Each structure stands twice: as structure tokens, then as C-alpha cells.
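Commentary on secondary and tertiary structure
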Amino acid sequence: CRAGRVQSGHCFRLITKKFMDEHIPDYSVPEMQRQSLEQVILRVKTLNMGDPQSLLDQALSPPDRQRIAQTVLVLKEVGALSLITQGLPNIYDGDLTFAGKVMASLPVDVHVARLLLLGHVFGYLNECLVIGAVLSLRSIFLQGYRDKKLKAYQNKLTWARHSESDCFASLYAYMEWKLRKETQNFREGRKGQQQWGYHVGIHIQRMLEVDL
């Protein structure tokens, strides 16, 4: 609703007043208190703005210190921050590593950034790019409804090839779809892709998004 932001207006809410008064808060939770802090802290470290806790404490709606500590721990686990800062251990801070600088430059979740970094190191960047794209989107597998849920699950197991991994299942499905597309194996173009996807449990529109 934009009424009242730039000029006077009317706001119509398609809910009851009782529901509005009892369940809808007057103000939303500030983004700093509900969103992931990984990229925020990496940016703080990249710009050399001091320790994250002291800086974030100055925000209008600062995040909980425990969340800051947990986020720093996650960044240390993925190798973005070292265990120490200025030679001393600190649960609220850590020195930015080379991997951390690379992760800070990538507009993705830090776990996906680490995957891409390791993929480059070990020579599997293309495969990791596919997995990273899948992890950044909704599932590429059709979920199925009611009596078709079991069939959808069986399709995913088939794609996993006994790896029991959603990531490998997504990778194998993408590789098969890409091969069929490049060899013009799909008859009737997009319609053929949709028919194949329905048969093997693949959401073709999301597959196209992965391929962008």
C-alpha cells in the first residue's frame, strides 16, 4: 500500500477489522532484525569499518548480539573469516580471509559462494554453477499432489542415481535436459520439453531459469 507515502489517499484492506487489530502489527520488523547478516558483516569487513558488533550496535534497530555472534561463527565455518582478529580470538569478529573477499564480491548466499569457490579450485566450476543456481531457486522437481506425491519422490530418487543427494539429482536432471535440448531431441519445441518434464518430474520453467 502506497497511500499516504507521497500524497493523501485511501487504503482498502480486504480483511476484517478484528483480524487487523489482533494479528497485523502496526509496524513491520526492521530488515536488520529479520534478514541474514552474512553479507552485511562481510561488507563491514571489506570496507574495514571496524568490528561488526560495534558498528551494528549503532543502527537505528540493531540486531541481537547473539545473532551477530552466530553469523560470525557461520562465516568462520565457511572460511570467510579467520578464528582470530589482531592476534586474539574473538567470537564477535575475525580477520577477513582471501576466500572471504571473494565471497563478499559474489551476490549469492555465502554457502553457495563457498561452493563456487571450491568448484573453481577443483575444476568443477560449471557443475557447481548449476548446483548453485538450483539452490538459489525453488526446486526444479515437480512436487506432485495427493496420489502423485509418491511418483514425484520416485522421480527424484531416479535422478539422484543412488547418491541420495538433491544437489546431484538436480545436476543430473539439468545435464540430461541440456543434452536433449542441444541435440534437438525435443519434438515440437517448448511443448515437447513440457511433455518430457511432466513425464520425468521436472519443472521446465525453473530449468530455463537455471540455464540463464
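As a reminder, the structure under discussion sits directly above these lines.
The text that follows walks through the structure, step by step, so that each part is easy to find. (Residues numbered from 1 in each chain as written. Predicted model: local features only at pLDDT ≥ 70, side-chain atom pairs only at ≥ 80, totals over all residues. Heavy atoms only, no water.)

**Looking at the pattern of salt bridges**
It is possible for side chains of opposite charge to pair when their charged atoms get near one another. Inclusion rule: The salt bridge criterion pairs a side-chain nitrogen of Lys or Arg with a carboxyl oxygen of Asp or Glu, the two atoms within 4 Å. Strands are runs of DSSP state E lasting at least 2 residues, helices are runs of H or I lasting at least 4, and numbering of each runs from the N terminus. The rule is simple: take the accessible area with a 1.4 Å probe, protein chains only, and divide by the maximum for that residue type; under 20% is buried, over 50% is exposed, in between is partly exposed.
Within this structure, the stated rule accounts for six salt bridges. A salt bridge links D21 to K17; the nearest nitrogen and oxygen atoms lie 2.8 Å apart. With D21 and K17 both in helix α1 (residues 17-23), this residue pair falls four residues apart, about one helical turn. Across this residue pair, the class does not change: D21 and K17 are exposed. Of the charged contacts, one joins D211 and K178 as a salt bridge, the two residues approaching to 2.9 Å between their closest N and O atoms. Note that D211 is positioned in the segment after α12 (204-210) and K178 in helix α10 (residues 166-182), a separation of 33 residues in sequence. Among the residues examined, K178 registers a relative accessible area of 23% and is labelled partly exposed. By sharing partners, the salt bridges in this structure join K178, K181 and D211 into a single network.

**Comments concerning the packing of helix α9 (residues 149-160) against α10**
Worth spelling out the cut-off: Fitted lines through C-alpha atoms give the axes, limited to the stretch in contact for helices. The angle between two N-to-C directions lies from 0 to 180 degrees. Between 65 and 115 degrees an angle is taken as roughly perpendicular, under 35 as roughly parallel, over 145 as roughly antiparallel, and anywhere else as oblique. Here, two residues are considered to be in contact whenever any of their heavy atoms come within 4.5 Å of each other. Gly counts as polar in this scheme, as do all residues outside two lists: the nonpolar Ala, Val, Leu, Ile, Met, Phe, Trp, Tyr, Cys and Pro, and the charged Asp, Glu, Lys and Arg.
The N-to-C vectors of α9 and α10 enclose an angle of 80 degrees; their axes lie 7 Å apart at closest approach. Here α9 is positioned roughly perpendicular relative to α10, judged by the angle of their axes. Where α9 approaches α10, its residues K156, W159 and A160 are matched on the opposing element by D166, F168, A169, Y172, A173 and E176. Grouping the constituent residues of the contact of α9 with α10 by class yields six nonpolar, no polar and three charged.

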